[in-house]
Amino acid sequence: MKVVAAYLLAVLGGNTSPTADDLKDILGSVGIEADDDRIEFLLSEVKGKDITELVASGREKFASVPSGGGAIAVAAPAGGGAAAPAADEPKKEEKVEEKEESDEDMGFSLFD
């Protein structure tokens, strides 16, 4: 990721086709030792490609990756019985909040 970040920094800085030396200079400026194999691999993969197109295609691929919270929320309505317990849980949480609010009315504070 460091090499990719250095490549993107070089492109954002106006260098449309950064070389291995450019990436080494960027990484060296923040005290990171450059790995020549990774730099060469990255440069071979992006050679002749537009960075904005690469980022756009990466976003499309990333959008198709399921995330932990979204997959559960989507799967829960599919199982008919699973929706009922989910509805009960927020009610339980609300009851806990009411108890906390009633504790504040006891007439004392932690800072008295």
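Since we're looking at a predicted model, the values are computed, not measured.

Engineer: How do you make sense of the overall build of the chain when you look at a structure like this?
Structural biologist: Along its length, the chain carries six helices and zero strands. Helices and strands in the chain line up, N terminus first, as α-α-α-α-α-α. Buried positions account for 12% of the 112 residues belonging to the chain. Across the chain, contacts joining residues at least 24 apart in sequence account for 37% of those joining residues at least 6 apart. Counting every atom, the chain has about 9,200 Å² of accessible surface; 58% of that belongs to carbon and sulfur.

Engineer: Help me out: how do you make sense of the environment of Ala20 in this one?
Structural biologist: Relative to the helices and strands, Ala20 resides in helix H2 (residues 20-29). For Ala20, a relative accessible area of 14% corresponds to the buried category. For the pair formed by Ala20 and Tyr7, sequence separation is 13 residues and the distance between their alpha carbons is 9.3 Å. When near neighbours in sequence (up to four residues on either side) are disregarded, Ala20 contacts Ile39, Glu40 and Leu43.

Engineer: Would you take a moment to explain the nonpolar core for this structure?
Structural biologist: Soluble, globular proteins show a tendency: their nonpolar side chains are buried together. One finds Val3, Ala6, Tyr7, Val11, Ala20, Leu23, Leu27, Ile39, Leu42, Leu43, Val46 and Ile51 forming the largest nonpolar core, which totals twelve residues. Mapped onto this core, the elements with two or more residues apiece are helix H1 (2-12), H2 and helix H3 (36-46). Ignoring anything within four residues of it in the chain, the contact list for Tyr7 reads Thr16, Pro18, Leu23, Leu42, Leu43, Val46 and Ile51.

Engineer: Would you mind showing me how to read helix H4 (residues 51-63) here?
Structural biologist: Structurally, the α-helix is built with 3.6 residues per turn, so residues lying three or four positions apart point the same way. Under the 1.5 Å per step criterion, the end-to-end length of H4 is 18 Å for 13 residues, consistent within 8% with the ideal 18 Å. Sparse coverage of H4 is indicated by the burial of one of its 13 residues.

Engineer: It is not clear to me how the pattern of salt bridges should be interpreted in this structure. Could you clarify?
Structural biologist: Where side chains of opposite charge bring their charged atoms close, a pairing between them can arise. Within the structure shown, the criterion is met by two salt bridges. Across the pair Asp36 and Lys24 runs a salt bridge whose closest N-O atoms are separated by 2.8 Å. Pair noted here: Asp36 is in helix H3 and Lys24 is in helix H2, with a separation of twelve residues, a long-range link.

What counts as what
For every chain, the first residue of the written sequence is number 1, and numbering continues from 1 onward in sequence order. Where local features are concerned, this predicted model is filtered to residues with pLDDT of at least 70; where side-chain atom pairs are given and counted, the filter is 80 or more; whole-chain, interface and lining totals use all residues. The side-chain figures draw on all heavy atoms in the structure; neither hydrogens nor water molecules are used. We count a stretch as a helix when DSSP gives it H or I for four or more residues in a row; a strand needs E for two or more, and each element gets its number in order from the N terminus. Buried, partly exposed and exposed residues are distinguished by accessible area as a fraction of the type maximum, computed with a 1.4 Å probe on protein chains only: under 20%, between the cut-offs, and over 50%, respectively. The criterion used for residue contact is that any of the two residues' heavy atoms lie within 4.5 Å. Calculation of accessible area relied on Shrake-Rupley with a 1.4 Å probe; when residues are assessed, cover is drawn exclusively from the protein chains displayed. What is meant by a nonpolar core is a set of buried Ala, Val, Leu, Ile, Met, Phe, Trp, Tyr and Cys residues, joined one to another through side-chain atoms within 4.5 Å. By this rule, a helix spans an expected 1.5 Å times one less than how many residues it contains. By convention in these notes, a salt bridge is any Lys or Arg side-chain nitrogen within 4 Å of a carboxyl oxygen on Asp or Glu.

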